[in-house]
Amino acid sequence: MSDDQHASKKVAYDEQEDGQTDDHHAEGVLPVPPVDKRDGLHRELSARQVSMIAIAGTIGTGLFLGTGRSLAQGGPASMLICYTIVGFIVYITLLLLGEMGTQYPVAGSFNTYATRFFSPSYGFALSWNYWFNDAVSVASDLTAAQLVLQYWTDWHTWAISLIFWVFLVSVNAVHVRAYGELEYWLSSLKVATIVVFIIVGILVNAGVNTEHKYIGGRNWTIPGAPFVGGFGGFAKVFVTASFAYGGTESLGVTAGETKNPTRNMPRVVKFVFWRILLFYILSILLIGLNVPWDYPNLSNKSTTTSPFTIVFSEIGSTAAGSFMNTVILTSVLSAGNHALFAGTRVLYGLAEAKPIPQAPRFFAYTTKSGIPIYALFATSSISALCFGSSFIGSGQLWAWLQNIVGVSNQIAWLSIGFASLRFRQAWVRQGRSPSDLKFRAAWTWPWGPPFVIIMVSVLILVQGWSSIFPHFSAVDFVSFYIELPVMLVMSVGWLIARKLTVARHKRPSSPPPPAASSSEQGPPESLPTPSTTKVRGIYARVQEWRWKYLDLVDTRSVDLYIDEYQDRVSDKLDDEKMNRRLSGKAGWLWRLYYIIA
């Protein structure tokens, strides 16, 4: 395609800036949520709220409770190493998502990117898998609330969790601003508490504890430490770490409701994860130093105790332990709120998918305040069903839910790697310069996507080692790997259903790459030899087979202009306001504000 054609095409799409698109959509096009309209999602989340949403989605039960399970199963060294490795993988994944999310800020995030740039059938399976992951995450958080409440009482803990569930549904049904503001303040409380925990953890290790003794690295040298359970214990920690870091990728889900995404999304991607990584690594190091891996009731089939509560209790104050447990309870509420929001938006994105909706269309209905109300009810009902089985409750149930959610998070990261790889290939093959991207993680070119794909694939395959060796555990094996065959079945099922729909409408399932016009073909070449003709024929058959049976998107013909975000007048005014603040007399104070808030 010539530069003139690119320019005219871009102008045509620029004229559709306000979301007024044709009814016809090309194959593989992202669903366009009618933002800023009466009957669609509203861009009401500020950079302050989006940043805290990302933090709230990760600093939750995975850190406050999951670290206890990690420590008991793998020991302090395994926990520190695994969380560091997974943290780096997730950081690279977040940069890849940031590139796509800034260029195409739509509801559905990486699910729609996988559909557009990789494979529609895979995107369909991924979207439903991630929606189920979010619904189960709410159930997991409500189950975790019961475990936290056991610190004080065993009396009908499920009743409090049920009240939490009603509260979460109510908040999410009001307005996206209500959700954003609740997340901001709950997350602020968690961040402040972790800062206090780091200070307290250092003091406890130095000797300010009930024994009045310096602890140092003593818990790394007790029998069984620092690596508990050998390689099997080490591998187990990966899925717990994945559960703990899960949620960072869902900041892309908020892109469809983020103000000024061109500026705010890169800022969120760059700053948020370093804060999260700092909190995680320091907290995990202090937990491994201060809490022995064989601490009573740290993690077993009947209960799970938070290492954070244990460290606060070491000061010698029962009130300190109760305060920490209260904060953990609010973090459970925050994580559940975040998962319910993300799951609702994923289901909305499925219903908005074009040209063929991937969920019933009524899930795309929104209220006047921009809430996909039916998608909210569907997501919360699944959560309620899972939660209904949980008040037989035990730590074992929460562990199984944790495995399922952790593996689902890994599949999401893997999918971001696939989508980014194909997106970058399409961008270059169609003659667009990487410097034209609104946000570019230049230092991850070209190794970023292959690195994520390889590393996450290894994690998915290795982490279930303990369920096979030395003794096979069918239940644990299923919790580690059940999502892989489910993904395969859903992908094949959608591919078959789509082929039948395409055949009924008598149109090809994937358009072949556009043929060059005579003016673009250049001077005539010499006649092909029989050998080159044979090679070209084989290549053509391979391409046809790929489009027909594998459903892979052709990077040479996928439309890169439609759905691109065009900066609006309000965005430019917002940028000018920020620049005035930073260049004024109190500019250093505003810089500090933007870093912290």
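Residues numbered from 1 in each chain as written. Predicted model: local features only at pLDDT ≥ 70, side-chain atom pairs only at ≥ 80, totals over all residues. Heavy atoms only, no water.

Bringing unusual backbone geometry into the picture now. Following Ala-225, the chain continues to Pro-226 via a peptide bond in cis, the omega torsion being 0°. Note on placement: Pro-226 falls in the loop between helix 8 (176-206) and helix 9 (230-245). Phi is positive for His-212, which is not a glycine, with a value near 55°. Position of His-212 relative to the elements: it lies in the loop between helix 8 and helix 9. We note that Asn-297 has phi near 60°; this positive angle belongs to a residue other than glycine. Within the element layout of this structure, Asn-297 appears in the loop between helix 10 (261-290) and helix 11 (307-313). (Helix = DSSP H or I, 4+ residues; strand = E, 2+ residues; numbered from the N terminus.)

On to helix 9. A rise of 1.5 Å per residue sets the reference length of helix 9, with its 16 residues, at 22 Å; its end C-alpha atoms lie 23 Å apart and thus fit the reference within 8%. In the stretch just after helix 9, Gly-247 is the one whose phi turns positive, near 120°. (Expected span 1.5 Å × (residues − 1).)

Attention shifts here to the environment of Gln-430. Topologically, Gln-430 is positioned in the loop between helix 14 (395-429) and helix 15 (448-462). Sequence-wise, Gln-430 and Ser-557 are 127 residues apart; in three dimensions their C-alpha atoms are separated by 8.0 Å. Here the side chain of Gln-430 touches Val-558 through a polar contact of 2.7 Å, landing on its backbone oxygen. (Polar contact = N/O pair within 3.5 Å; in protein donor to acceptor, adjacent residues only side chain to side chain.)

Enumeration over the complete set of coordinates arrives at 5 salt bridges. With its nearest N and O atoms 3.7 Å apart, the salt bridge here joins Arg-218 to Glu-211. (Salt bridge = Lys/Arg side-chain N within 4 Å of Asp/Glu carboxyl O.)

Here the structure, examined in full by the defined rule, presents 29 aromatic pairs. With 5.2 Å between their ring centres and 90° between their planes, Phe-231 and Trp-465 make a pair best called edge-to-face. Residue Phe-231 is located in helix 9, and its partner Trp-465 is located in the loop between helix 15 and helix 16 (474-481); the two are separated by 234 residues in the primary sequence. For Phe-231, a relative accessible area of 44% translates into the label partly exposed. With a centroid separation of 5.3 Å and 85° between ring planes, the pair formed by Phe-234 and Phe-238 is classed as edge-to-face. (Phe/Tyr/Trp six-rings, centres within 6.5 Å; stacked < 30°, edge-to-face > 60°. Buried < 20%, exposed > 50% of the residue type's maximum accessible area, 1.4 Å probe, protein only.)

In short, shape yes, function no, at least from these values alone.
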